[in-house]
Amino acid sequence: MDKIITTSWDDGHPLDFRLAELLHKYNLKATFYIPKHNPQNVVMGEHDVHLLSKTFEIGGHTLNHVNLTRLNGNALKEQIDGCYNWLTAVVGQKPVSFCPPFGAFNNTVLRAVSHAGFKTIRSTQLLSTSSQQLVAHTTLQMYKHTTLTYAKHLIKRARVNDLAFWLLSGPTCDLFKLVDFYLCDIDKNGGCFHLWGHSWEIEKFNLWVKLESLLQHLSQREGYHYVANAELAKR
Ligand SMILES: [Zn+2]
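Notes on the structure in this doc start here. Owing to the predicted nature of the structure, the values given are computational and were not obtained by experimental measurement. Per chain, the residues get numbers from 1 upward, laid out in the order the sequence is written. Local features in a predicted model are, by the rule used here, given only for residues with pLDDT of at least 70; side-chain atom pairs are given and counted only at 80 or more, and totals for whole chains, interfaces and linings are based on all residues. Only hydrogens and water are set aside; all other atoms, that is, all heavy atoms of the structure, feed into the side-chain values.

Here's the deal with the coordination of the zinc ion
Note on donors: an N, O or S atom is included if it sits within 2.8 Å of the metal, or within 3.2 Å for Na, K and Ca, and water is never included, so sites can look incomplete. Around the zinc ion, the protein contributes the donor atoms D11 (OD), H61 (NE2) and H65 (NE2), which lie 2.0 to 2.2 Å from the metal centre. Written as a sequence motif, the donor residues of the zinc ion are D-x49-H-x3-H. For every residue, the accessible area (1.4 Å probe, protein chains only) is compared with the maximum for its type, and the residue is labelled buried under 20%, exposed over 50%, or partly exposed between those bounds. According to the relative accessible area criterion, H61 is buried, its value standing at 1%. The exposure class assigned to H65 is buried, which follows from its relative accessible area of 6%.

Next comes the structure, spelled out in structure tokens:
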């Protein structure tokens, strides 16, 4: 069984370059999901998207950072196909990965994303180490989630086995303990460790120092493949 480590970072805030520097320092692969516009936040310009694409994968995050489950027909198509075409033009190659804003998607959205040409979709589901499927779930978010949030997250989705497993971690909400808990499982059984987050949130909650220790902790692990999200689609 493959042992994989991947990371992904949403929203294309200019602070993504600080993140990119850290990822580069620790030799970690990543996908940056960037919308063309974001009414909720600043987004880097096209020149910077192109620049970032020289070192990291750029994935689709719609044109206007909208909740796709509230759209249908042409409006849905415009956000997804439009984003595919925009990234193709800005980056100079066809995008592979897509992340629906707010983690909001349904079967109609999935079909539209696939139809546009994207090969993998990153969800915001946490505490997962699964490495296949069209939808790539995540393990941890660089954020200060509480134990209660993790419990609610698992219960809301009726993930009984995942809840039972996470309870064995303590249960804890300590990011370092959770990293070791899930890596220990991947060491034995294979799987994908997926860390994600937002650079603007790391700044807002003053998590840069913690992030650097975490990235260092994740780097250079024996027997692990370090991949961008696009490679998950091939496995
Ligand atoms: Zn977003």
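Structural notes on the state of the cysteines
By convention in this document, the label disulfide applies to cysteine sulfur atom pairs within 2.5 Å. If you walk through the whole model with that rule in mind, you get zero disulfides. Cysteine C184 shares no disulfide, and the gap to the nearest cysteine sulfur, in C192, comes to 17 Å. The structure places no disulfide on C192, whose sulfur is separated from the nearest cysteine sulfur, that of C99, by 14 Å. A residue is classified by how much of its surface remains accessible, and C192, at 2% relative accessible area, is buried.

Focus: the pattern of salt bridges
Put simply, a salt bridge is a Lys or Arg side-chain nitrogen that is within 4 Å of an Asp or Glu carboxyl oxygen. Scanning the model with the defined rule gives five salt bridges in all. With its nearest N and O atoms 2.7 Å apart, the salt bridge here joins D10 to R122. Of this pair, D10 sits in strand β1 (residues 3-10) while R122 is found in strand β5 (residues 120-122), placing the two residues 112 residues apart along the sequence. You can call R122 buried: its relative accessible area is 0%. Salt-bridge contacts for K25 lead to E212; the nearest nitrogen and oxygen are separated by 2.8 Å. Of this pair, K25 sits in helix α1 (residues 16-25) while E212 is found in helix α9 (residues 208-218), placing the two residues 187 residues apart along the sequence. For helices the rule is a DSSP run of H or I covering at least 4 residues; for strands it is a run of E covering at least 2, with both sets numbered from the N terminus onward.

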